[in-house]
Every structure is written in structure tokens, then in C-alpha cells.
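Listed below are the residues making up each chain.
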Amino acid sequence: SANVQTIQAELGTLNASKNRHLRVCETLCQSYQQLLTEKTVLETQKTDVKTRLDEYTNQAIAPYEQTINRFLDQFNAGYKIQGVSHSRSGGAPNTSYQIVINDTLVNIGASDTPLDTPSFKNTLSSGDKSTLALAFFLARLEQDPDRANRIVVFDDPFTSQDSFRRNNTVRQIKNCVQNCAQVIVLSL
């Protein structure tokens, strides 16, 4: 019984050696090697594209951060954003930043951030959040090279704003009227 198993194992080895020299196996092995080479080329190209994307994003983020902070300053927000960075956690692009209030860094936080930990949701008023969103929107619009052809819609841009910020919002909307194809303002 042990001899039969040994003989069967040796026959299996001999058959495998014989089969690997068959033309069909040789073709399959060559195809496999070619696919491995193609995979390596694609991975190198993917790494190169990611590197160029990272470089472009880093070049674009700094001016965008400056533009947002300029708008926040014009709105007399009393805070600014800092440390804008990007990542690809889980493969999806992600941007993060911190808010600086009275020289204190405040993280954006997440939905599960405890209320006793300073974060975006518990340090800014509704008006401040609205102002921040408007500053992001205006910064993006300002950096759009095709803005002269854009139709821009402001949906209740005055929500929770004091009179100073409302006046400033009106001024920014007037700038958009001069620089965009059409501006629509929805407000109560």
C-alpha cells in the first residue's frame, strides 16, 4: 500500500514534468508572463499618475486655502482654515483641514466626535457654518477659469447672517453678476 502510494506520487511527478513541456502549457506560461509584465507597467503608470495628482493637488490647495481665508476675512468671520491636506483613504479622494479660532486649532471632527471635544459641529454657530460654506463656494467659483460662462445659483445665502455679513454677501453676489453669465438668488 505504501509502495503503491509512492509509485503513484512518482508517476504524478513524472506526468507533471512531461505536461509542462507540452505546447499548450508553454503557451499558457508565456501568456502568464506577458500579463505579469503588463500588470507591472500598469502599476508603474498608476503610481506615476497618483504622484502627478498629488503634486497638482498640493499646488492647487494652497491658493484655494488662501482664497477661502480672504473671503472669511472679508466676512469678518473671526476664524480661518489651516492645514488643508488631501489623502486617498480607502482609495477615495479626501480633503481635510482645521479651523483656527483665537489661535486655537479645532479639528473638523466626525459624526461620532463627542460633544465635549472641540470640533466643527460644536464650535461654530449656524451663521459661521453658513459663512464658511459660502467662502468655500466663492473661492471655488473665483478659481473656475470658465466662470464667465457659468450660471450661478445662491440658495438662501443670507441664512443666519448678521447685517454686516449680509451686506458683504450682497457685495460678493454683485461681483458674481459682473463675472458670471447669470446669477440667480433664492431667498425668503
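Details of the structure are given in the entry above.
Our subject in this report is the structure included herewith. (Residues numbered from 1 in each chain as written. Predicted model: local features only at pLDDT ≥ 70, side-chain atom pairs only at ≥ 80, totals over all residues. Heavy atoms only, no water.)

## Concerning the layout of surface pockets
Condition: Grid spacing is 1 Å over the protein atoms alone, the probe is 1.4 Å, and a cavity is where that probe fits but cannot get out, while a pocket is an open set with protein on both sides within 12 Å along at least five of seven lines and lining residues have an atom within 4 Å of a point. Grid points are joined across faces, edges and corners, and a volume is the space filled by probe spheres set on the points. We count a stretch as a helix when DSSP gives it H or I for four or more residues in a row; a strand needs E for two or more, and each element gets its number in order from the N terminus. Three classes are used: nonpolar for Ala, Val, Leu, Ile, Met, Phe, Trp, Tyr, Cys and Pro, charged for Asp, Glu, Lys and Arg, and polar for all others, with Gly counted as polar.
Size it by volume and the largest pocket reaches roughly 370 Å³. Lining the largest pocket are 20 residues, and of these Tyr 56, Thr 57, Ala 60, Ile 61 and Thr 95 sit closest to its centre. Of all the secondary structure elements, the ones that give two or more residues to the lining of the largest pocket are helix H2 (23-74), strand E1 (79-87) and strand E2 (94-101). No other element matches the nine residues that H2 contributes to the lining of the largest pocket. Of the residues assigned to the lining of the largest pocket, the class counts are 12 nonpolar, six polar and two charged. Roughly 170 Å³ of volume is contained in the second largest pocket. Every residue lining the second largest pocket is listed: Arg 70, Phe 71, Gln 74, Leu 138, Leu 141, Glu 142, Arg 147, Gln 172, Asn 175, Cys 176 and Asn 179. Counting residues per element, the ones that place at least two in the lining of the second largest pocket are H2, helix H4 (126-142) and helix H5 (163-179). Sort the elements by how many residues they give to the lining of the second largest pocket and H5 lands first, with four residues.

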